[in-house]
Amino acid sequence: MTTQFKAISDAMAAVVESAGQSVVQVNGRRRVPASGIVWSADGVIVTASHVVRTDDIRVALPDGDQLNAALIGRDPATDLAALRIDCDGLTTPSWSTEEDLRVGAMAFALGRPGSTVQASLGILSALGEDWRLHGGARISHYVRADLVMYPGFSGGPIIDADGRVVGLATSALSRDGGIALTRTTVEPTVEAILKHGSVRRGYLGVGVQTVQLPLSLRSELGQETGVLFNSVTPDSPAERGGLVVGDILVNLNDRPILSPDELAVVLRSDLTGEEANLRIVRGGELQLVTVEIAIGGERTRP
């Protein structure tokens, strides 16, 4: 039995040691340093936005080297930021998919607030979906872990028993702590930051609510609900496109829109500056309207 425990202990330590090669220290605030995850071998680091508070940012690598870092951009809504250091050949981690995650599975939180990697052990306690964050942004998946998040762990990874990254840990999105953003949120956010320096969220300039569609249209459209425009902001993309209060949106670029949440998800995609085809119901009749989607930044309304 002692031999078995030793084997388990050695295996756990090996997983932490291996995964720790992709965990860096981020010095971007005055108090305890935070952590970050190597995103690409050529020097892109992803971390939590709230731990980057100064222009003088330094990143400490697992081998002890300390390098100046530049802030590529951030998305406060999801508490993610991307940094760049002048370094190549960094070790990138593997990321697990949502299909691989199970409540009750063993998980480690890793951080590098000091010179060496630190770890805590627990389990995945919840798999969350479709969460509206403060500021109006939405994420499709996240995980909650029942483990200790020591000071300086924000921006670091929560990993599974195989050493794959389950998500990026942040203490800023929930008072309960132990939240990690999975790759389905991290990847598009980081890619948007690398491309634009920020996350561009599309803006229509309308107030919306879910409404039931007329019976005559439900079978034709294959959906029971749409999104009613209960207000239209003056000089907004919606007004310039000819949309009016009382219009009901049922489809945007061939994607059915059943609720305000689904409209918000579509507008999060890279539609800014492009024309979108909106299929609406006006006066009981279906019409097609073309609207140019504006850049909405951190707006909370569609």
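Labelled according to an unreviewed UniProt entry, the protein chain appears under the name PDZ domain-containing protein, originating from Caldilineaceae bacterium SB0664_bin_27.

A.B. asks: Please set out the overall build of the protein chain residue by residue, giving values where relevant.
C.D. replies: Within the protein chain, the regular secondary structure consists of 5 helices and 20 strands. Along the longest, intermediate and shortest principal axes, the C-alpha atoms of the protein chain span 75 × 45 × 30 Å. Looking at the protein chain as a whole, 49% of its 302 residues are labelled buried. Residue pairs in contact within the protein chain that sit at least 24 positions apart in sequence constitute 61% of those at least 6 positions apart. Counting only carbon and sulfur atoms, one obtains 48% of the accessible surface of the protein chain, whose full area is about 14300 Å².

A.B. asks: How would you sum up the domain arrangement of the protein chain? Please name residues and give values.
C.D. replies: Domains assigned within the protein chain are domain 1 (98-185) and domain 2 (201-296). Taking only C-alpha atoms into account, the centre of domain 1 sits 35 Å from that of domain 2.

A.B. asks: With reference to specific residues and values, describe the nonpolar core.
C.D. replies: Counting 22 residues, the largest nonpolar core has Trp39, Val46, Leu110, Ile159, Leu181 and Val186 as its most contacted members. Residue assignment for this core shows that the elements contributing at least two residues are helix 1 (2-19), strand 2 (34-40), strand 3 (44-47), strand 7 (106-111), strand 9 (138-146), strand 11 (165-170), strand 12 (179-181) and helix 2 (183-196). For this core, the element with the most residues is helix 1, which contributes 3 residues. Val206, Leu249, Leu263 and Ile293 belong to the second largest nonpolar core, which has 21 residues in total.

A.B. asks: Tell me about the pattern of salt bridges, and name the residues and values.
C.D. replies: Scanning the model with the defined rule gives 7 salt bridges in all. Ionic pairing is found between lysine 6 and aspartate 10, a salt bridge with its closest N-O pair at 2.8 Å. Remark: aspartate 10 and lysine 6 occur in helix 1; sequence separation between them is 4 residues, near one turn of the helix. The network of salt bridges with common partners includes Asp100, Asp160, Asp162 and Arg164.

A.B. asks: Residue-level account of the environment of valine 281, with values.
C.D. replies: Mapped onto the fold, valine 281 is located in strand 18 (residues 275-282). Spatially, the C-alpha atoms of valine 281 and valine 206 are 15 Å apart, while their sequence positions differ by 75 residues. Not counting residues within four places of it along the chain, the set of residues in contact with valine 281 comprises Leu217, Gly246, Asp247, Ile248, Val250 and Leu286.

A.B. asks: Could you give an account of helix 2, naming the residues involved and the relevant values?
C.D. replies: With 14 residues, helix 2 should reach 20 Å at 1.5 Å per residue; the first-to-last C-alpha distance of 19 Å fits that figure. All buried positions along helix 2 are accounted for by Thr185, Val186, Thr189, Val190, Ala192 and Ile193. Along the axis of helix 2, the buried residues cluster in a sector spanning 160°; they form a single face. Directly beyond the C-terminal end of helix 2, a positive phi value near 85° is found at glycine 197.

A.B. asks: Can you lay out the packing of aromatic side chains for me, pointing to particular residues and giving the numbers?
C.D. replies: Following the criterion strictly, the structure yields 2 aromatic pairs and no others. Here the aromatic rings of tryptophan 39 and tryptophan 95 are separated by 5.7 Å at their centres, their planes lie at 75°, and the arrangement is edge-to-face. With tryptophan 39 in strand 2 and tryptophan 95 in the loop between strand 6 (80-85) and strand 7, this residue pair connects regions lying 56 residues apart in the sequence. Assigned by exposure class, tryptophan 39 and tryptophan 95 land together as buried.

A.B. asks: Go over the sheet that holds strand 5 (residues 66-75) with me, naming the residues and quoting the values.
C.D. replies: Within a sheet, each strand pairs with its neighbour through backbone hydrogen bonds, oriented either parallel or antiparallel. The strand order around the closed barrel built from 6 strands is 1-2-3-6-5-4, with neighbouring strands paired in antiparallel fashion. Along the sheet, successive strands turn relative to each other by an average axial angle of 40°, direction set aside. Note that strand 2 and strand 3 share 4 bridges and pair antiparallel. When the bridges of strand 3 are listed, valine 38 appears paired with isoleucine 45.

A.B. asks: Summarise the pairing of strand 5; cite the residues concerned and give the values.
C.D. replies: Every other side chain in a regular strand lies on the same face of the sheet, so the side chains alternate between the two faces. Two strands pair when backbone bridges link them, and strand 4 (residues 57-60) and strand 5 are joined in this way by 4 bridges, in the antiparallel orientation. Residue alanine 60 lies in a different strand from strand 5, and its bridge partner there is glutamine 66. Two strands pair when backbone bridges link them, and strand 5 and strand 6 are joined in this way by 6 bridges, in the antiparallel orientation. Counterpart to arginine 74 in the pairing with strand 6 is alanine 81. Linking strand 5 back to strand 6 in an antiparallel pair, the connection comprises 4 residues, with aspartate 79 at a positive phi of about 60°.

Here is what the cut-offs are and how they apply
- Residues numbered from 1 in each chain as written.
- Predicted model: local features only at pLDDT ≥ 70, side-chain atom pairs only at ≥ 80, totals over all residues.
- Heavy atoms only, no water.
- Helix = DSSP H or I, 4+ residues; strand = E, 2+ residues; numbered from the N terminus.
- Buried < 20%, exposed > 50% of the residue type's maximum accessible area, 1.4 Å probe, protein only.
- Contact = heavy atoms within 4.5 Å.
- Areas by Shrake-Rupley, 256 points an atom, 1.4 Å probe, with all protein chains shown as cover.
- Domains from an automatic or database assignment.
- Core = buried A, V, L, I, M, F, W, Y, C linked by side-chain atoms within 4.5 Å.
- Salt bridge = Lys/Arg side-chain N within 4 Å of Asp/Glu carboxyl O.
- Expected span 1.5 Å × (residues − 1).
- Arc of directions from axis to C-beta.
- Phe/Tyr/Trp six-rings, centres within 6.5 Å; stacked < 30°, edge-to-face > 60°.
- Pairing = 2+ DSSP bridges.
- Axes fitted to C-alpha atoms, helices over the stretch in contact; angles between N-to-C directions.

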